[in-house]
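Summary of the model geometry
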Amino acid sequence: MVNRTVDYGVYLVTDSTPAVLGDCSLTQVVEAALRGGVGIVQYRDKNCSHEDAVTTARELHVLTKRFDVPLLVNDRVEVAVEVGCEGVHIGQDDMSFDAARRILGSEKIIGVTVSCEEEAIRACEAGADYLGIGTVFATQTKKDTKSIIGPSGVSTILEALKESGHGAVPTVCIGGINNSNAASVLAHDGSSRKSLDGLAVVSALIAAPDPAAAARQLLGTVLTAKMPQVVRTVAGTTPLTHNMTNLVVQNFAANVALAVGASPIMANYAEEAPDLAKLGAALVINMGTITPDGLRNFIQALKAYNDAGRPVVFDPVGAGATAVRREAVQTLLAAGHYAVIKGNSSELLTVHGGPSVTERQRGVDSTAVLSISERARLARDIARQHSCVVLLTGPTDLISDGRRTLRVDNGHELLGMVTGTGCSLGTTVSAMVGAFGEDALVACLAATVLFGVAAEMAAVRPEVRGPGTFVPAFIDELYGIRKATTAGDLQWLSMAKVQVVNADEK
Ligand SMILES: Cc1ncc(COP(=O)(O)OP(=O)(O)O)c(N)n1
Ligand SMILES: Cc1nc(C(=O)O)sc1CCOP(=O)(O)O
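Residues numbered from 1 in each chain as written. Chains lettered and ligands numbered in written order. Predicted model: local features only at pLDDT ≥ 70, side-chain atom pairs only at ≥ 80, totals over all residues. Heavy atoms only, no water.

An unreviewed UniProt entry lists the protein under the name Thiamine phosphate synthase/TenI domain-containing protein, with Drechmeria coniospora as the source organism. Looking at the protein in UniProt, the text filed under Cofactor (unreviewed entry) is "Mg(2+)". (UniProt positions renumbered as here; feature names shortened; annotations may be inferred.)

It is worth spelling out the sheet that holds strand β12 (residues 312–315) at this point. The mixed open sheet is built from nine strands, whose spatial order is β10-β9-β11-β12-β13-β14-β15-β16-β17. Two strands in the sheet have a free side with no partner beyond their single neighbour: β10 (263–266) and β17 (498–500). When strand polarity is set aside, the average angle formed by the axes of neighbouring strands in this sheet is 20 degrees. One ladder, built from four bridges, connects strand β9 (residues 240–244) with strand β11 (residues 282–286); its direction is parallel. Each bridged residue has a counterpart across the sheet, and for H242 the counterpart in β11 is L283. Most of the contacts of helix α13 (residues 292–308) go to β11, to which it runs at about 155 degrees, and overall it touches β9, β11 and β12. (Pairing = 2+ DSSP bridges. Helix = DSSP H or I, 4+ residues; strand = E, 2+ residues; numbered from the N terminus. Axes fitted to C-alpha atoms, helices over the stretch in contact; angles between N-to-C directions. Contact = heavy atoms within 4.5 Å.)

What follows concerns the environment of E82. If you trace the backbone, E82 turns up in helix α4 (residues 77–83). Judged by relative accessible area, which is 42%, E82 ranks as partly exposed. Taking the C-alpha atoms as reference points, E82 and R58, separated by 24 residues in sequence, lie 9.1 Å from one another. Excluding its chain neighbours within four sequence positions, the residues that come into contact with E82 are H50, V54 and R58. A polar contact of 2.7 Å, which involves the side chain of E82, links it to the side chain of H50. (Buried < 20%, exposed > 50% of the residue type's maximum accessible area, 1.4 Å probe, protein only. Polar contact = N/O pair within 3.5 Å; in protein donor to acceptor, adjacent residues only side chain to side chain.)

Before going further, it helps to examine the pattern of salt bridges. Oppositely charged side chains are able to pair whenever their charged atoms sit close together. On inspection of all chains with the given rule, the structure shows 17 salt bridges. D439 serves as the salt-bridge partner of R404, at 3.0 Å between the closest nitrogen and oxygen. Remark: D439 occurs in the loop between α17 (421–435) and α18 (440–459) and R404 occurs in the loop between β15 (397–400) and β16 (405–408); sequence separation between them is 35 residues. By relative accessible area, which is 6% here, R404 ends up buried. (Salt bridge = Lys/Arg side-chain N within 4 Å of Asp/Glu carboxyl O.)

Once that is clear, we can look at the packing of helix α2 (residues 26–35) against helix α3 (residues 50–66). α3 packs onto α2 with a crossing angle of 20 degrees between their chain directions and a minimal axis gap of 10 Å. In terms of orientation, α2 lies roughly parallel with respect to α3. Remark: the crossing between α2 and α3 carries right-handed chirality. Contacts between α2 and α3 involve L26, T27, V30, E31 and L34 on the former and, on the latter, T56, E59, L60, L63, T64 and R66. Here the residues of the contact of α2 with α3 sort into five nonpolar, three polar and three charged. (Parallel < 35°, antiparallel > 145°, perpendicular 65-115°, else oblique. Left-handed = near helix turned anticlockwise from the far one by under 90°. Nonpolar A, V, L, I, M, F, W, Y, C, P; charged D, E, K, R; others polar.)

Their axes nearest at 10 Å, the elements α13 and helix α14 (residues 323–335) cross at an angle of 20 degrees. By the angle between their axes, α13 is roughly parallel relative to α14. Relative to α14, α13 is oriented so that their crossing is right-handed. The segment α13 lies against α14, with L295, F298, I299, L302 and K303 engaging A328, T331, L332 and A335.

Let's shift gears to the site of ligand 2. Taken together, 13 residues lie around ligand 2, and T135, T139, T141, G176 and S203 are the ones closest in. G176 is positioned such that a nitrogen or oxygen atom in its backbone is 2.7 Å from an oxygen atom of ligand 2. For ligand 2, an oxygen atom lies 2.9 Å from a polar atom in the backbone of V202. Coverage of ligand 2 by the protein amounts to 93% of the 420 Å² it exposes when considered alone. Broken down by class, the residue content of the shell around ligand 2 amounts to three nonpolar, eight polar and two charged. (Near = heavy atom within 4 Å. Areas by Shrake-Rupley, 256 points an atom, 1.4 Å probe, with all protein chains shown as cover.)

Right, let's talk about helix α5 (residues 97–104) for a bit. Within the span of α5, buried status applies to F97, A99, A100, R101 and L104. Packed against the buried residues of α5 are α4, β4 (87–90), β5 (109–114) and α6 (117–126). Just downstream of α5 lies G105, where phi reads positive at about 85 degrees.

What follows covers the site of ligand 1. Ligand 1 sits among 15 residues. The nearest are Q42, R44, K46, T113 and K142. A distance of 3.4 Å is found between a nitrogen atom of ligand 1 and a side-chain nitrogen or oxygen belonging to H89. Backbone polar atom of G91 to an oxygen atom of ligand 1: 3.2 Å apart, as the coordinates give it. Its free accessible area being 420 Å², ligand 1 has 92% of it covered by the protein chains.

Below is the structure:
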């Protein structure tokens, strides 16, 4: 079983036949799909010679390594060995799993095709690193498919995996999946069964007129579909959120944490941090009312959480407003690692610290003048700089982990008329990242969309007449979405406005 974290969200399986690839270059198409956010690539060529397969796989491996994405080879274990790529995908009629594992060793990824519950459980028992479940829909790309199982067949297999204790084995499904049916394939009853980790596609990307755009669209659908899982995990595990936060928002942030199903503790004394981290908490460092003593406590707590391997969210409130705050930001950034850095444009320009600080800051209000593309690039660059997820808040929120960058267009202007909504979003992010550590980007996305949608729902309630009546309605809506999601009602998801963006776009 391999140790590395693999993003199975959008899984590209290649096809070099003219019917699918046309007269395009395979490497150019794969590169475009990687730019669009593909998280894993499988080189699949049923016809070419061993030598040609090794040559092409080597070219693809150069590319995938540049994007830090694993490359697998379909069926041809000897090609994978020669190229030294990250693994193979084998079907039921290919080399046996045990033989492949003996040849490849324990570090390589081996995925297995399954089309029924028995095959799925057998593959997991053998030690498969992930399962490719199919065939979902009939497809022109593979004519020799055995059984078309449809989304309900996928559900049956996922249920069986969960029941048999193999719920942790990642799964993708394959066969006829494209941007028109992806959402319905991923949609499920929303209560308890295991979710798919991603979608494997051939023609939806290889034959797409713009593979990068097609990959971005698929990725957006996959990430949106994962949000209920985050909300449910928080509701089901009641994660502890440890807030070292400012004086203004403590009560509100604690109420928001309770509404989303987390357990808040507001504790500014760092000596408590090691115990809270051991209890599985996630920490929020919010420097809204910074003091010398507060700064010392932040640094000590940050180290305790880093030592315990628990996530820390940094909310550099008012970062650029004074020399004291600018220095505190640099001190805190140098003191340890953050899972998430959250702030408005002005704050994050200070965090970035580059020459492009074009904004002025009044108090803690953002006076952002950056375009959406500039903000996307800023979020992406900071995420790379600090190996973390960045949440750049504003009328349009931008979220990036350095590879995938998203925009969220949910929210309501009333959120900006109440003190503490931004800080309590930091608290919510900590709860979600604490509970759903497997993908901090998805956790941040869920928190941001949940906030935005709850605000939109609250704002149209008949009793809401302004900021004062908005606050209780907003907390009620957060609570209502949590309750609905755990009961399997995902209507709120249709309000999500999530798009994957190209952070390189000028
Ligand atoms: C991710 C993924 N799932 C299933 C398959 C199908 O593999 P297989 O059964 O070996 O069929 P062929 O690809 O060899 O036709 C796959 N390739 N990838
Ligand atoms: C490679 C492959 N395996 C399948 C299976 O069911 O095991 S279906 C398939 C082809 C999928 O191509 P497209 O995304 O273009 O439909």
